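# Breakdown of the fold
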Amino acid sequence: IQWARPLWQQSRADLRDYLRRNDIAWVDDPTNEDETYERPKARKALAALAPLGITPEVLKSVAMNMVGARTALDYYTVEEARRLVTFEAGDVVIQRRPRPPVPPEIERRLWVAALQYIGGSDHPPRYGAMIDLDAGLVTAGKHTLAGCVVTQDATSVRFARELNAVNNEVCNLSSIWDGRWKIDGPDAPDITVRALGDRIKDVPDWRDAGLPRTSLMATPAVFDAETLISAPVAGYKNGYDARIVADFGSFLLSR
């Protein structure tokens, strides 16, 4: 069901005038006058602020301007993502100190989007948490936030899934694992998909995948009961393939 408010830009007084002119009755919502709710309190506060020029019309205009600014920022974030972001088997790698430089707000938005895309959160991290992330990268070169492991080197910042965040993620072969991964291959009653984890020790050629060990440990693997039979992202396919159902670019465009 889609709910819409087609008259949200019309004032209550204008709507009532229209109804009176057309001899149409209406019903008042009693909660609109009940100051135990936030909305009536806000209306009362606005009435007190009106002599200072802070009116609903002014606030509406400010909000519309902010929507326009956000639309522009979203557009340039997508454009810079095409220039600065590399997608590596589930990891998001963002170039640092590019030429020409990227504005700090656009870089922040790319980082936030990477955290939400990998971590699967509906809400962005708090501003303070982003400050802590930046400080952690400066002091230690590594930081965990929002179910992600973030590392940096001289040229880039890598956002990968944190193993602890997916240790209990288990699904069958027909399901999407961790909200992003689909495994294709032969199915059987005891086949499950879960994180590779420390069973990476059973994949002798994992280094050939070209990804950090911590990244690979948080990728999907196929188990028959407790027996590892495939780790597709780590290079041990054994008849199975792993694919991302929606890449980072698609995620940015859908927000």
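Everything discussed here concerns the structure shown above.
Report on the accompanying structure. (Residues numbered from 1 in each chain as written. Predicted model: local features only at pLDDT ≥ 70, side-chain atom pairs only at ≥ 80, totals over all residues. Heavy atoms only, no water.)

### A word on the layout of surface pockets
Rules: Points on a 1 Å grid, built from protein atoms alone, make a cavity when a 1.4 Å probe fits but cannot get out and make a pocket when they are open with protein on both sides within 12 Å along at least 5 of 7 lines; residues with an atom within 4 Å of a point are the lining residues. Grid points are joined across faces, edges and corners, and a volume is the space filled by probe spheres set on the points. A run of H or I in DSSP becomes a helix once it reaches four residues, and a run of E becomes a strand once it reaches two; helices and strands are each numbered from the N terminus.
If you add up the space inside the largest pocket, you get close to 1300 Å³. Residue lining of the largest pocket: 31 residues in total, with R5, Q10, S11, R12 and R43 positioned closest to the centre. Elements represented by at least two residues in the lining of the largest pocket include exactly helix 1 (12-21), helix 2 (38-49) and helix 3 (56-84).

### Some remarks on the nonpolar core
Let me state the cut-off plainly: In this description, a nonpolar core means a group of buried Ala, Val, Leu, Ile, Met, Phe, Trp, Tyr and Cys residues linked to one another through side-chain atoms lying within 4.5 Å. Residue exposure (1.4 Å probe, protein chains only): buried if accessible area is under 20% of the type maximum, exposed if over 50%, otherwise partly exposed. Note on definitions: a residue-residue contact is assigned when non-hydrogen atoms from the two residues lie within 4.5 Å.
If you look at the biggest cluster of nonpolar residues, it comprises 28 residues, and the most contacted ones within it are V92, I94, W111, L115, L133, F159 and F248. Put simply, the parts of the chain that give this core at least two residues each are helix 3, strand 2 (91-95), helix 4 (104-119), helix 5 (127-140), strand 4 (148-152), strand 5 (156-161) and helix 8 (248-254). Here this core takes nine residues from helix 4, the largest share from any one element. If sequence neighbours within four positions are ignored, W111 has contacts with I94, R96, M130, L133, D134, L137, V157 and F159.

### A short note on the sheet that holds strand 9 (residues 227-230)
Paired through their backbone hydrogen bonds, the strands of a sheet run either parallel or antiparallel. Heads up, the condition is: Any two strands are treated as partners once DSSP identifies two or more bridges connecting them. Interaxial angles span 0 to 180 degrees and are taken between N-to-C directions of axes, which are lines fitted to C-alpha atoms, for helices over the stretch in contact.
Strand order across the open sheet formed by three strands is 7-8-9, with antiparallel pairing between neighbours. Edge positions in the sheet fall to strand 7 (191-195) and strand 9, since each of these pairs with one other strand and no more. Ignoring strand direction, the axes of neighbouring strands in this sheet form an average angle of 45°. Relative to strand 9, strand 8 (residues 220-224) runs antiparallel, the two sharing three bridges. The residue bridging D224 from the neighbouring strand is T227, located in strand 9.

### Digging into the packing of aromatic side chains
The cut-off we apply is this: Each Phe, Tyr or Trp ring, with Trp reduced to its six-membered ring, pairs with another whose centre is within 6.5 Å; inter-plane angles below 30 degrees give stacked pairs, above 60 give edge-to-face pairs, and intermediate values give tilted ones. Geometrically, a charge over a ring is one whose NZ (Lys) or CZ (Arg) sits within 6 Å of the ring centre while staying within 35 degrees of the ring normal.
Per the counting criterion, the structure on display carries five aromatic pairs. Residues Y117 and F248 carry aromatic rings whose centres are separated by 5.6 Å and whose planes lie at 65° to one another, so their mutual orientation is edge-to-face. Taken together, the residues Y117 in helix 4 and F248 in helix 8 connect sequence positions 131 residues apart. Taking the relative accessible area as the measure of exposure, Y117 reaches 5% and is therefore buried. Grouping aromatic residues by their ring pairs yields a cluster made of F87, Y117, F248 and F251. Cation over ring: R194 sits above F223, and NZ or CZ is 3.9 Å from the ring centre.

### Describing the environment of D247
Tracing the backbone shows D247 in the loop between strand 10 (241-244) and helix 8. Not counting residues up to four positions away in its chain, the partners in contact with D247 are F87 and Y117.

### Looking at the environment of D178
Going by this rule: For this analysis, a polar contact is any N or O atom pair within 3.5 Å, provided that within protein one partner can donate a hydrogen and the other can accept it, and provided that sequence-adjacent residues contribute only side-chain to side-chain pairs.
Mapped onto the elements, D178 comes out in the loop between helix 6 (163-166) and strand 6 (181-184). The exposure class of D178 is buried, given its relative accessible area of 12%. Along the backbone, D178 and I54 are 124 residues apart, and their C-alpha atoms lie at a distance of 46 Å. Ignoring anything within four residues of it in the chain, the contact list for D178 reads I118, R161, V166 and E169. At a separation of 2.8 Å, a polar atom in the side chain of D178 contacts the side chain of R161.

### A look at the state of the cysteines
Stated formally: The disulfide definition used here is simple: a pair of cysteine sulfur atoms within 2.5 Å.
Per the stated rule, a full pass over the model turns up zero disulfides. Sulfur of C171: no disulfide; nearest cysteine sulfur belongs to C148 and is 19 Å away. The buried category is assigned to C171, whose relative accessible area is 14%.

### Examining empty space enclosed by the protein
The condition is simple: Classification used: nonpolar for Ala, Val, Leu, Ile, Met, Phe, Trp, Tyr, Cys and Pro, charged for Asp, Glu, Lys and Arg, polar for all others including Gly.
Going through the model one piece at a time under the given rule, you end up with one cavity of 30 Å³ or more. As for the largest cavity, its lining consists of A89, G90, D91, R161, R180, W181, S215, A218 and T219. In terms of residue class, the lining of the largest cavity is built from three nonpolar, three polar and three charged.

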